[in-house]
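Analysis of the macromolecular model
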Amino acid sequence: MVDRVCRLGDFDNDGDEDLYLTVDGPNVLFRNLGDGAFADITTTLGGGAFDGRGVAFADFDNDGDLDLVVTADMNEPNRLWRNDSPTGRHWLGLRLRGRFSNTSAIGARVVVTTVEGSYVQEVSGGAGRGSQNSLPLEFGLGPATVVEELTIRWPSGTVQTRRDVTVDRYIDFTEPVLTVRRGRGRRAPAGETSAVESRGALSKE
């Protein structure tokens, strides 16, 4: 049986997610060409002829592009590739903290919309073999210089929206406080509210 782990991440910030595949043998890095095809660019890593196991993307040095870490078996060293490729493209990083949902915001779904299109990511608690991507979400935006709309759907069901967001930075979001308001002349039954209002969009910029 051959163990395989694949991980998606936009390492060149062009808005299309690229793919790293580990197997019991050569590992492969595929660049998404944006037209339904992928190109094998493993040589940019110096080759992939080792026994890769877990794999994860993360912005290790907080410079706005994704780096790559791959773990191996006990006879191979773990590997960290720092991404220093200049692309001239834009990006946005989000760090989410839950209050009514879980603190790590696992399960939160984010939609980022620019003139180039919409991009969707979810905060994941892990996938694949003993590994997970970093909790912050990193969006490659290509040539877009502003995010027209950013929407977070928290696991609690709360929806948070921000418009005209400047790019090339990390932003911290905290799940909003909910305020329950009852309609006049009507008593809401147990478990029912007539309206829900969210406050406190950002904890820090």
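Residues numbered from 1 in each chain as written. Predicted model: local features only at pLDDT ≥ 70, side-chain atom pairs only at ≥ 80, totals over all residues. Heavy atoms only, no water.

The subject of this paragraph is the layout of surface pockets. Empty pockets left among the atoms are what a rolling probe the size of a water molecule brings to light. If you add up the space inside the largest pocket, you get close to 450 Å³. Taken together, 25 residues form the lining of the largest pocket, with L8, E17, Q121, E122 and N133 sitting closest to its centre. Elements that contribute at least two residues to the lining of the largest pocket include exactly β1 (5-9), β11 (117-122) and β12 (137-142). Within the lining of the largest pocket, the residues separate by chemical class into eleven nonpolar, nine polar and five charged. Approximately 300 Å³ is the volume attributed to the second largest pocket. Around the second largest pocket sit 17 residues that line it, and F11, T44, L45, N83 and S85 are the ones nearest its centre. Among the secondary structure elements, those contributing two or more residues to the lining of the second largest pocket are β4 (28-32) and β7 (67-72). Tallied by class, residues from the lining of the second largest pocket come to eight nonpolar, four polar and five charged. (1 Å grid on protein atoms, 1.4 Å probe; cavity = no way out; pocket = protein on both sides within 12 Å on 5 of 7 lines; lining within 4 Å. Points joined across faces, edges and corners; volume = space filled by probe spheres on them. Helix = DSSP H or I, 4+ residues; strand = E, 2+ residues; numbered from the N terminus. Nonpolar A, V, L, I, M, F, W, Y, C, P; charged D, E, K, R; others polar.)

A separate point is the nonpolar core. In this structure, L94, L96, V110, L141 and L150 are the most contacted members of the largest nonpolar core, which totals 21 residues. Taken together, the elements giving at least two residues each to this core come down to β9 (90-97), β10 (109-114), β12, β13 (146-153) and β15 (170-174). Setting aside its immediate chain neighbours within four residues, V110 contacts L94, L96, Y119, V120, Q121, L137, F139, L150, T151 and I152. L29, L45, V55 and W81 belong to the second-largest nonpolar core, a separate cluster that totals 13 residues. (Core = buried A, V, L, I, M, F, W, Y, C linked by side-chain atoms within 4.5 Å. Buried < 20%, exposed > 50% of the residue type's maximum accessible area, 1.4 Å probe, protein only. Contact = heavy atoms within 4.5 Å.)

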